[in-house]
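# Breakdown of the fold
What follows is the residue order along each chain.
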Amino acid sequence: MFPETTISYFLGCKLCGILAMLMVYFCSGTAETFLHQKRLTAEESSAYNALANITYIDPVTHRLESRPASDIGKFGLHSRIGIAGGKLLHLRRRNSVMDYHGCSTDVDRSRIPQGEPWIALVRRGRCRFRVKVRNAVTVLGASGVVVYNNINERDLVLMTHSVPGAVSIFIDKLDGEFLASLVDNGVHVTMTIYPPPRHLSQPHSIQHNFKSNKRLVPEIVELQKSSALSTAVNVALVVTCTIYVTIAVLFH
């Protein structure tokens, strides 16, 4: 018979190995069904292209600037592909300096225009897209939602949400931060979102410093599950594995 400490050590290492394999699985792209991602063809992707017209008072020249743009982003998979417009508002959680994720409806509602349409600008992360869209449109009354990326990447996400009739688009980090900087500095920005004409296929930028160099295809489709959940699972596995190894070594 093997000593009890030896058996405990063996079982601990074996369990640690299993946990390590699970961690590799969730870290790798093989867990595609868990992350709910897939690729779209160029034709499928182009069907979700979104345009936007941006109008604002330049804070330096104090002149009215109107910059039409094409292919600024992508309509969500369940978004209404149509026109939405109004004053752009960078939603910030009340009593928070940096929380612009739109995951809470606890915002300063005095900044929300009364009796006129407005567009919510929110940052990607911390909650699912459907929560952001539902909070902005259903609860706060926005005409549309613009979600900007929180990482520098060339691929644009096709969002999913369960808010019927809501217009939502996803834009890249550079474009989003440019718009956010205007709004946060008190510049009145008006935005109109609309689908492109059928004949328009070439991307344009709003202005020389409002470029994104976006790759239109293949697009990553991010569905209901967030990759943040995968990260949490990985952390839990690492902690559990560390505990078992420590116990095994101490009692060996």
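About the criteria used
Residues numbered from 1 in each chain as written. Predicted model: local features only at pLDDT ≥ 70, side-chain atom pairs only at ≥ 80, totals over all residues. Heavy atoms only, no water. pLDDT = per-residue confidence, 0-100. Helix = DSSP H or I, 4+ residues; strand = E, 2+ residues; numbered from the N terminus. Contact = heavy atoms within 4.5 Å. Core = buried A, V, L, I, M, F, W, Y, C linked by side-chain atoms within 4.5 Å. Buried < 20%, exposed > 50% of the residue type's maximum accessible area, 1.4 Å probe, protein only.

To continue, consider the confidence of the model for the chain. In the predicted model, the chain carries a mean pLDDT of 74, and 60% of its residues have values of at least 70. Here helix α2 (residues 32-35) stands out as the least confident element of the chain, with mean pLDDT 35; strand β5 (residues 118-123) is the most confident, with 98. Note on residues 23-38: pLDDT under 50 across the span, and 30 contacts to partners over four residues away in sequence or across chains. Note on residues 199-230: pLDDT under 50 across the span, and 93 contacts to partners over four residues away in sequence or across chains.

A general trend in soluble globular proteins is that nonpolar side chains are found buried together. If you look at the biggest cluster of nonpolar residues, it comprises 25 residues, and the most contacted ones within it are Leu-88, Val-146, Ile-169, Leu-179, Val-189, Met-191 and Ile-193. Listing elements by their share of this core, those giving two or more residues are β2 (49-57), β3 (64-75), β4 (84-90), β5, β6 (144-148), β8 (167-171), α5 (173-184) and β9 (189-194). Looking at which element gives the most residues to this core, the answer is α5, with 5 residues. Not counting chain neighbours up to four residues away, the residues in contact with Leu-88 comprise Ile-119, Leu-121, Leu-179, Val-183, Val-189 and Met-191. In this structure, Val-122, Ala-136, Ala-166 and Phe-170 belong to the second largest nonpolar core, which totals 20 residues.

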